[in-house]
Amino acid sequence: MKKVWKGIGAAVLAIAIFAGGYTLGQRVRENNIISALPHKTFDKPQENASSPKPASGEALKPEKNITEKNSETAVQNGWTEVAHADITLSDGDNAKIKLYTSAHKDENGEFMWDDGNTWLLEAESKGGYYALINKYIQLGKVDFTAGEDENGHASITAVISTGTGITVEKYTYNGTAFEGQTVYNSGILNVKGSTF
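The structure presented is a predicted model; accordingly, all values stated were derived computationally and were not measured. (Residues numbered from 1 in each chain as written. Predicted model: local features only at pLDDT ≥ 70, side-chain atom pairs only at ≥ 80, totals over all residues. Heavy atoms only, no water.)

Peer 1: Sorry, what's going on with the packing of aromatic side chains here?
Peer 2: Ring pairs (aromatic) are described by centroid distance and by the angle formed between their planes. If you walk through the whole model with that rule in mind, you get 5 aromatic pairs. Ring centres of Tyr 130 and Phe 178 lie 5.1 Å apart, and the angle between their planes is 75°; on these two criteria the pair is classed as edge-to-face. Remark: Phe 178 occurs in strand 11 (residues 178-185) and Tyr 130 occurs in strand 7 (residues 128-138); sequence separation between them is 48 residues. Like Phe 178, Tyr 130 is buried. Grouping aromatic residues by their ring pairs yields a cluster made of Phe 111, Trp 113 and Trp 119. (Phe/Tyr/Trp six-rings, centres within 6.5 Å; stacked < 30°, edge-to-face > 60°. Helix = DSSP H or I, 4+ residues; strand = E, 2+ residues; numbered from the N terminus. Buried < 20%, exposed > 50% of the residue type's maximum accessible area, 1.4 Å probe, protein only.)

Peer 1: What should I look at first to understand the pattern of salt bridges in this one?
Peer 2: When the charged atoms of two side chains with opposite charge come close together, those side chains can pair. Inspection of every chain in the model, using the stated rule, returns 4 salt bridges. Among the ionic pairs, Glu 179 bridges to Lys 64, the shortest N-O distance being 3.4 Å. Remark: Lys 64 occurs in the loop between helix 1 (2-36) and strand 1 (65-67) and Glu 179 occurs in strand 11; sequence separation between them is 115 residues. Exposure remark for Glu 179: the relative accessible area of 19% places this residue in the buried category. The partner of Lys 141 in a salt bridge is Asp 143, and the shortest N-O contact between them spans 3.6 Å. Assessed through its relative accessible area of 30%, Lys 141 is described here as partly exposed. Given the relative accessible area of 28%, Asp 143 is considered partly exposed. (Salt bridge = Lys/Arg side-chain N within 4 Å of Asp/Glu carboxyl O.)

Peer 1: What is the right way to look at the sheet that holds strand 7 in this model?
Peer 2: Strand pairing within a sheet occurs via backbone hydrogen bonds; the two strands may be parallel or antiparallel. If you walk across this open sheet you meet the 4 strands as 2-3-6-7, and the pairing is antiparallel. Each of the sheet's edge strands pairs with one partner strand only, and the pair in question is strand 2 (80-88) and strand 7. The mean inter-strand angle of the sheet, taken between neighbouring strand axes irrespective of direction, is 15°. In terms of strand pairing, strand 3 (residues 94-101) meets strand 6 (residues 116-125) through 6 bridges, oriented antiparallel. Note that in strand 6 the partner of Leu 99 across the bridge is Leu 121. (Pairing = 2+ DSSP bridges. Axes fitted to C-alpha atoms, helices over the stretch in contact; angles between N-to-C directions.)

Fair warning: the whole summary comes from geometry, so function is off the table for now.
Below you can see the structure in the form of structure tokens.
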């Protein structure tokens, strides 16, 4: 009878250890996801140019890149639309946000991914085009969300995930152009698994 109780006790202890480890792992995962989400940033005065740069994975200083309107789309012949969304800009105009890739689809409608593909995230409004992202990405992809930020401004967040890291970029419309900034950069990682 003692052997039975010892066996039951060992099984209960093993389950408790597994459950505790699983719960701790989920909390760490949630904290990592939350820390990667864009946060509200404030403009700060320029610091001395010799200031140390943040280590990889740390929050970056907001450095804005301006994307002006173009009269022609950057989409190349043969590219495929991956996803799209409609948003309302701060001036009240509607914009179509479209994500394209150079990868083609097979006869079943499945993407035929290469080791690397060119990705284009483009906003279109009033006959003008804004190429927010237009680059070749090795062993990775682009995902995006589009909507309004906490101030009611049109906002687009793009996650660029590769086998060597993750970058999160945020784009907001200022009335005439899109202002983009990198809000998170994991630095160089040797990614072993990902849900992206």
